[in-house]
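Here are the chains, one letter per residue:
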Amino acid sequence: MAEFGENSGSSPSNSGDTTTVPSDETAGKTQCEGSVLNGDCGITPDMVVSGFIFLPDSQGQETANNTSLALDAKSGIPRRSSIIKDGSRQRKERKKTVSFSSMPTEKKISSASDCINAMVDGSELKKVRSNSRVYHRYFLLDADMQSLRWEPSKKESDKAKIDVKSIKEVRTGKNTDTFRTNGINDQISEDCAFSIIYGENYESLDLVANSADIANIWVTGLRYLKSYGKLTLNMIESSQNNMRSSWIGELFDEAVINNTKHISLCDAVQLIKNLNPGLKNVKIELKFKELHKAKDKMGCDVSKEEFIEVFHDLCTRPEIYFLLVQFSSNKEFLDTKDLMMFLEAEQGMAQVSEDTSLEVIQNYEPSKEGQMKGWLSLDGLTNYLMSQECHIFDPEQKTVCQDMNQPLSHYYINASHNTYLIEDQFRGPSDITGYIRALKMGCRSVDLDVWDGPDNEPVIYTGHTMTSQIVFRSVIDIINKYAFVASDFPLILCLENHCSLKQQKVMFQHLKKILGDRIHLNPPKPEDSYLPSPSDLKGKILLKGKRLGANCTSSEGEVTDEDEGAEMSQRMNIEPGELQSVAPKKFQLSKDLSDLVTLCKSTEFKDFPTSFHSQKHWELCSFNEVFASRCASDFPGDFVNYNKKFLARVYPSPMRIDSSNMNPQDFWKCGCQIVAMNYQTPGLMMDLNIGWFRQNGNCGYVLRPAIMREQVSYFSANTKDSVPGVSPQLLHIKIISGQNFPKPKGSGAKGDVVDPYIYVEIHGIPADCAEQRTKTVNQNGENPLFDESFEFQINLPELAMVRFVVLDDDYIGDEFIGQYTIPFECLQPGFRHIPLQSLTGEVLPHAWLFVHVAITNRRGGGKPHKRGLSVRKGKQSREYATMRVLTIKPVDDVFKTATLPLKEATDLRENMQNAIVPFKELCGLSAVANLKQCILALTSRLTGADNNRLLVFNLKEQYPILEPQGLLPDVLKKVVNVYDTVIQTSKTLLEHSDGVYERILQTQKAAILIKSVAAIGPG
């Protein structure tokens, strides 16, 4: 059995290494120096037969090596929680070195010619058989490019080959029956696997490369050979002087002075820097000097040929080249039809036309030839993929796009804690810049802790601490100036008033004079059951604070004091974890100041039954983080129901003296609207807060999931399984590559060396929280290739977030390089670039992650490779939605009528998903694929060997029909049958879905009406 390799350049005899791969000579020289072969392409010890690993010896014979493997399998990688440093993980001994050479030993792949040459040189690949056996073979393309051969083999030499002309299709991934049913499927990387479908019986040769790069080379080369056959050499020769080289040559000619045919080294460096701003000047200059040294050239002038060679080497991204040829019908550019297919099938763009393609070409194609002919070159595609159009964040979410007419309690509200502090909670300075920063970031709730100050001027600081003071009036001035800079929606001022009546009068005067009509003064309407909407309160400032009773007629009255500072001061003197109540104090409140509080009256929380019975919708409770966590743990359902009607504010534990942050997700999952964060403290928790409120135009308000708003729905905050009534989604993420990772701040021991790896984290309800990591790419922060795919099940998509973290692998502790956090609902599918941000939230210049994103419906249980036909849910095993008994008989009776339409809806959905699964598989695609990609994959099978039509699409009917044009091979007969099933199931879905939905909706409306009547009572 074959041994699967990982680290380039090692040999089978190296006893100190855990895995082996071919040497440079046998691998076709396609990997760059310092790179690693990424993707989990190894085999684990349970794949070794009787403890033996079969390796080809120097004579090409298979020998047994009784050696155990210690692979870094994904299951063996320890979890981590995005702590910036983590030195606990064990690592194999390796010496950190600084490379002063930028000249790669191997050429980058940037053309079909490079792929063909690599295939002629040959590569070690693993041949997978249906009996779970894996054979280590050396594959190469004959020099005449007519046959693909492998050795050693028990077959005769003329039989251990495949004629190129017999190849029907080249598939990527594990998308044949052999791969799907193989017992070692889990140990084979999707990105390293590919299959050659050949012969009249559509046989498959299933192969696994040592890296995704090598797999891409073979797939690209074989598809090129399949397309052009005997004309391949002519096509390669004609592409040598291609559009790309012509464009670079023209740029060079424009820089030439006085017809010298040379430009200075300085000009050459600057010209390449202009084309690729992420490159460092030192690296470009070193590349030219090393090229001159290799040619024994004296002087510093640069010729056109040298300039083109260095440009190709520094500015070519192989991963984008492989993508281009995948959609270009094996040309060196995308025409308008190719680009249409890419935009529609891969990028998820709707209503695409040739005009759309032409617009993209005009905007991003750098060459005049490409613009005139309607062609998008490799550099044009690179420009497009790095543009804002291909940002991972959905552009629709950059503006307010959610329904803003729901009650205020139905939204998450971006909130700051002790906004005036810019350091710790006990001794730190107070400054108005805290308010400026928070309001500019879209914060819609800020804290004002007001105390008596000198000269009859109230001041803001945390009482009972040594924090410095700022004048109340200056804070109100700043709030008035910046209140609606980032958002027009209401701003809540959380007023913690500790002033004397005399200075309360001054507070009132400043508020009225400075904020004026912006303060919302209309009292709540008794007939309303909910707060007004954000749209109703646009441009208004709401004061949250204590309010005197309606029966108070004097100029002041007594209320209970709110004093978070006293709580913190007291808790500093008790043991951590010990619970001690802080006795509430009374103080006198001015009626003028009281009347400014309308919709956010502070009130004390006792318990949920009391609140459900007597709390008014305009009353707001503040929860200490510790108490809120206890409520979430002990009463998860009640907490969610409470927040459907009332606003809840959660503030950090008084023990967080260092201004550390709680995890906002812990309280968002309970529906808590105002989770106050210490904005001055960067890190994971603030990344989540900033990322979450980036959606909906960063307006500071995000509509909560429907299951947390609707009165008739039930949701438990601690659910560790799928959510009833919510269809889980599968998130497929492929980390392809990185660009221009800076070295971590403060790290000097390694020089400029960066050993990056990526964590992908899912944050949300407990059932969704997960993380996975890539392998480390050694000594390459400039353009590391990862090529690793991950899959996550998302049970509550509306509350999930995805966080990408880039770290530097180091002995002492892995150091933070950058991160990006995005709500699941804001992800754009397809090939996307992610701009990395620093620890403090600034965008890192030219630092990107390149990823592929796909979102599909869950198709059933089991391991990923077993999902599909084998686990498609029959009606007997399906999980149907059930009704929760509310003990209100009329409501429960109404809900019973929804049982049948809910079952019908489930059947319609499951039947559709079950029909699509085998269609994708027969098209040779994975679960990530969409129907457009399936149809695209089928086009290569519509014609036979002599170009006669085997299948045609009849588009004259309401639904497209796939019609055979004669006798079909068995595999195509299966495709036609399964396609017919998809069409019939789709037809049933379209014809019945509206009626089923209407019946469910009517039941819901009837239940809400009955419940409302029951709540009002007979009086």
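Residues numbered from 1 in each chain as written. Predicted model: local features only at pLDDT ≥ 70, side-chain atom pairs only at ≥ 80, totals over all residues. Heavy atoms only, no water.

1. Here's the deal with the overall build of the protein
- Counting its secondary structure elements, the protein contains 28 helices and 34 strands.
- The buried share of the protein, taken over its 1019 residues, is 54%.
- Within the protein, residue pairs in contact and separated by at least 24 positions form 69% of the contacts whose partners lie at least 6 positions apart.
- Surface exposure of the protein reaches about 45,100 Å², of which carbon and sulfur atoms provide 51%. (Helix = DSSP H or I, 4+ residues; strand = E, 2+ residues; numbered from the N terminus. Buried < 20%, exposed > 50% of the residue type's maximum accessible area, 1.4 Å probe, protein only. Contact = heavy atoms within 4.5 Å. Areas by Shrake-Rupley, 256 points an atom, 1.4 Å probe, with all protein chains shown as cover.)

2. Some remarks on unusual backbone geometry
- Residues Glu151 and Pro152 are joined by a peptide bond in cis, for which omega reads -10°.
- Mapped onto the elements, Pro152 comes out in the loop between strand S5 (147–151) and strand S6 (161–163).
- Positive phi values are uncommon outside glycine, yet His846 reaches one of about 60°.
- Residue classification places His846 among the partly exposed positions, given a relative accessible area of 38%.

3. Side note on the packing of aromatic side chains
- In the structure shown here, the tally under the stated rule is 31 aromatic pairs.
- Here the aromatic rings of Phe605 and Phe623 are separated by 4.9 Å at their centres, their planes lie at 50°, and the arrangement is tilted. Of this pair, Phe605 sits in the loop between strand S20 (600–602) and helix H20 (608–614) while Phe623 sits in strand S21 (residues 619–624), and the two are 18 residues apart along the sequence.
- Relative accessible area serves as the criterion here: at 13%, Phe605 is assigned to the buried category. (Phe/Tyr/Trp six-rings, centres within 6.5 Å; stacked < 30°, edge-to-face > 60°.)

4. Regarding the side chain of Thr316
- Within the fold, Thr316 resides in the loop between helix H9 (304–315) and helix H10 (318–327).
- The exposure class of Thr316 is buried, given its relative accessible area of 1%.
- A polar side-chain atom of Thr316 sits 2.9 Å from a polar atom in the side chain of Arg244.
- A polar contact is formed between the side chain of Thr316 and the backbone oxygen of His312, at a distance of 2.5 Å.
- Sequence-distant contacts of Thr316, that is, excluding residues within four places in its chain, are made with Lys108, Ile109, Ser110, Arg244, Phe311 and Leu378. (Polar contact = N/O pair within 3.5 Å; in protein donor to acceptor, adjacent residues only side chain to side chain.)

5. Observations concerning the packing of helix H8 (residues 281–294) against H9
- Where H8 contacts H9, the two axes come as close as 10 Å, and the packing angle between them is 130°. Classified by the angle between their axes, H8 and H9 sit oblique to one another. Crossing hand, H8 versus H9: right-handed. For the pair H8 and H9, contact is made by Lys283, Ile284, Lys287, Phe288, Leu291 and His292 and by Glu306, Phe307, Glu309, Val310, Asp313 and Leu314, respectively.
- Here the residues of the contact of H8 with H9 sort into 6 nonpolar, 1 polar and 5 charged. (Axes fitted to C-alpha atoms, helices over the stretch in contact; angles between N-to-C directions. Parallel < 35°, antiparallel > 145°, perpendicular 65-115°, else oblique. Left-handed = near helix turned anticlockwise from the far one by under 90°. Nonpolar A, V, L, I, M, F, W, Y, C, P; charged D, E, K, R; others polar.)

6. Looking at the environment of Asp755
- Mapping Asp755 onto the fold places it in the loop between strand S25 (729–739) and strand S26 (756–763).
- Spatially, the C-alpha atoms of Asp755 and Val777 are 5.6 Å apart, while their sequence positions differ by 22 residues.

7. What about the packing of helix H11 (residues 336–346) against helix H27 (residues 931–938)?
- As a packed pair, H11 and H27 sit with axes 8 Å apart at the nearest point and diverge in direction by 140°. One finds that H11 runs oblique with respect to H27. Here H11 and H27 pass one another in a crossing that is left-handed. Contacts between H11 and H27 involve Met341, Glu344, Ala345 and Glu346 from the first element and Lys932, Gln933 and Leu936 from the second.

8. Topic: the nonpolar core
- Membership of the largest hydrophobic core comes to 76 residues, with the highest contact counts inside it found for Tyr435, Leu448, Ile479 and Phe639.
- Per element, the largest residue contribution to this core is 6 residues, and it comes from helix H16 (residues 472–482).
- Excluding residues that lie within four positions of it along the chain, Ile479 makes contacts with Tyr435, Leu439, Val446, Leu448, Leu491 and Leu493.
- Residues Ile116, Leu222, Leu343 and Tyr364 belong to the second largest nonpolar core, which totals 57 residues. (Core = buried A, V, L, I, M, F, W, Y, C linked by side-chain atoms within 4.5 Å.)

9. Here's the deal with empty space enclosed by the protein
- In total, this model carries 5 cavities of 30 Å³ or more according to the counting rule given.
- Within this model, the second largest cavity holds a volume of roughly 110 Å³.
- What lines the second largest cavity is a set of 14 residues, among which Leu495, Asn497, Gly545, Lys546 and Leu589 lie closest to the centre.
- At the level of elements, strand S16 (491–497), strand S17 (541–545), strand S19 (586–590) and helix H19 (591–595) are the ones that each hand at least two residues to the lining of the second largest cavity. (1 Å grid on protein atoms, 1.4 Å probe; cavity = no way out; pocket = protein on both sides within 12 Å on 5 of 7 lines; lining within 4 Å. Points joined across faces, edges and corners; volume = space filled by probe spheres on them.)

10. Comments concerning the sheet that holds S6
- Strand order in the open sheet formed by 7 strands is S6-S5-S4-S3-S9-S8-S7, and the pairing between neighbours is antiparallel. Every other strand in the sheet has two partners, leaving S6 and strand S7 (167–172) as the edge strands with one partner each. Direction aside, the axes of adjacent strands within the sheet are offset by 30° on average.
- With 5 bridges joining them, S7 and strand S8 (residues 193–198) adopt antiparallel strand pairing. The partner of Thr172 across the bridge, within S8, is Phe194. (Pairing = 2+ DSSP bridges.)

11. Notes on the confidence of the model for the protein
- Per-residue confidence for the protein gives a mean pLDDT of 82, with 82% of residues at or over 70.
- Residue range residues 571–580 is modelled with pLDDT below 50. Its contacts to residues more than four positions away, or to other chains, number 9 contacts.
- Throughout residues 859–873 the model reports pLDDT below 50, and contacts reaching past four residues in sequence, or to other chains, amount to 33 contacts. (pLDDT = per-residue confidence, 0-100.)

12. Description of the pattern of salt bridges
- For the structure shown, the criterion picks out 30 salt bridges.
- Of the charged contacts in the structure, one is a salt bridge between Glu169 and Arg171, with a shortest N-O distance of 3.1 Å.
- A relative accessible area of 10% means that Glu169 is categorised as buried.
- Arg171 gets classed as buried once you look at its relative accessible area, which sits at 10%.
- With its nearest N and O atoms 2.8 Å apart, the salt bridge here joins Asp687 to Arg803. Of this pair, Asp687 sits in helix H24 (residues 684–692) while Arg803 is found in strand S29 (residues 801–808), placing the two residues 116 residues apart along the sequence.
- We classify Asp687 as buried; its relative accessible area is 7%. (Salt bridge = Lys/Arg side-chain N within 4 Å of Asp/Glu carboxyl O.)

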